[in-house]
Amino acid sequence: MGSGTSTEDIGKPLEELKAALEMENNDLSRLIERTVRDLNSLTNAKLDIAITGVSGAGKSSLVNALRGMTDDEEGAAETGVVQTTMEAKGYPHPTFPNVTIWDLPGIGTREFEAKEYLQKVHFTKYDFFIIVASVRFTENEVLLAHEIHKMNKKFYYVRTKLDNDIEPERRKAVGRKETFSEEKTLEKIREYCCENLTKAGESHPRVFLVSSHYWSKYDFQFLLEVMGNELDEIKRYALITALSNHSKEILKKKKAAMEALVGKVALVSSTTGAIPVPDLFLVCNIPFLETIMRDFSKAFGLDEDSLCRLADQVGKPVPVLSSAIKKTRIASRIDSEFVKSLLSRMWMYGDINFWERTLIALQYLFGGVNSFAAVSKMLQNFLDDAEEDAVDILATAFGN
């Protein structure tokens, strides 16, 4: 856990708090009420993602990939080249069940003709749509896209099974004693998809190339980034926290999303249900902080279930992976004593002059309640440490 405190460490949450209070005409009770409401909206937001396209295009595998699961895990969406999805079926995220990935029936099958498809799968219930194809896009996919657009919802064309294309092309190049260019091969596939979409009536096609089995390759991470950027703040937080922790870039995005909550959490914990904490000269809602910090840990994959799934995926024992957690704790072991111990360090190592200046500022805000500064700094340090542990788990799992 990082030690010491500086004005820069909590300066942003403090300035945000001042600005928010001014927006409420310095009415602290109104600000607290709004902050509680905002936090509840963020942490309980529902996100429903629909995956559709032709039968056999890899929809179910993509459902699993977006849930951070492989096709053979218990609870994974059933896969197969024959139509296995006969009705819309929701698959909750294993860690964040408010996020549900829906595996929709294949368009154009005997069971579902394109014209009747939209009504039968209740399209209005989904937040956005991923339209997949494993070879080429047809008029059916464009029809779906146009109907989705009429509902003012986002959609994404995704070309799946890239690994099935790349390796044969690589072998051909080797057989011809030619230099293989993966970049050129991908560009040819993208151009082919866009040409088909244009012929089918799509004026500005944008295609993402992915493999559901290689989450860090091709356009998979870019697709996640674009989807997140095009959601509102509440839905974006739900998506980001549920992303699979298979790259440092994803971990950084998660940390940034959770850092944005630090000021809100500090305010609520210091004013709502707060009681004096012995020996710390603070009033604080410790159980509330426990819950928030456990959720932060789960988002980083620092919980038993996530570690077990990762261990199965990479073929390494859970104790080997959990041994990388050195700076913080596994989620289930975050308790009141742990939270108090982290808060105590804020005072033990703090700069007395800094705390005096901070308390003067907070006196203006809410009557000398000084927990805000300590909690803000503690949460920031906790996120720093949790990200570091998550990166170390990544290195232990994949050897990078």
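As shown above, the structure is provided for reference.
Notes on the structure follow.

Overall, mixed pairing links the six strands, which are arranged E2-E3-E1-E4-E5-E6 in an open sheet. Only two strands of the sheet have a single partner each, and these edge strands are strand E2 (89-92) and strand E6 (207-209). Geometrically, the sheet is characterised by an average inter-axis angle of 30° between neighbouring strands, direction not taken into account. Two elements, E2 and strand E3 (residues 99-107), share four bridges in a ladder whose sense is antiparallel. When the sheet's bridge partners are listed, Tyr 91 is paired in E3 with Ile 101. Across the face of the sheet, helix H9 (residues 233-242) comes into contact with strand E1 (47-54) and E3 while running at roughly 70° to E1.

Turning our eyes to something else, we now look at the side chain of Thr 35. Within the element layout of this structure, Thr 35 appears in helix H2 (residues 28-43). Setting aside its immediate chain neighbours within four residues, Thr 35 contacts Lys 264, Leu 267 and Val 268.

Our focus in this paragraph is the environment of Val 277. By the secondary structure assignment, Val 277 is in strand E7 (residues 275-277). Separated by 66 residues in sequence, Val 277 and Leu 343 have C-alpha atoms that sit 9.9 Å apart. The residues contacting Val 277, other than those within four sequence positions of it, are Leu 282, Cys 284, Ile 286 and Lys 340.

Another point: the pairing of E1. If a strand is regular, its side chains alternate between the two faces of the sheet. With respect to burial, E1 is a largely interior element, seven of its eight residues being buried. Of the strand pairs in this sheet, E1 and E3 are connected by seven bridges, and their pairing is parallel. Paired with Asp 48 across the two strands is Thr 100, which belongs to E3. Of the pairings in the sheet, the one linking E1 to strand E4 (residues 128-133) comprises five bridges and is parallel in character. From the neighbouring strand, Ala 50 faces E4, where its bridge partner is Phe 129.

What counts, and where the lines are drawn
Counting restarts for each chain: residues are numbered from 1 in the order of the written sequence. In keeping with the predicted nature of the model, local features appear solely for residues at pLDDT of at least 70, side-chain atom pairs appear and are counted solely at 80 or more, and the whole-chain, interface and lining totals rest on all residues. Heavy atoms from the whole structure form the basis of all side-chain values; hydrogens and water molecules are not counted. In short, DSSP must find at least two bridges between two strands for them to pair. Put simply, DSSP marks the helices as runs of H or I at least four residues long and the strands as runs of E at least two long, and each gets a number from the N terminus on. To obtain an axis, a line is fitted to C-alpha atoms, over the contacting stretch when the element is a helix, and the angle between two such axes runs from 0 to 180 degrees between their N-to-C directions. Any two residues whose heavy atoms approach within 4.5 Å are treated as being in contact. Per-residue accessibility, obtained with a 1.4 Å probe over protein chains only, is compared with the maximum for each type, and a residue is labelled buried under 20%, exposed over 50%, and partly exposed between these values.

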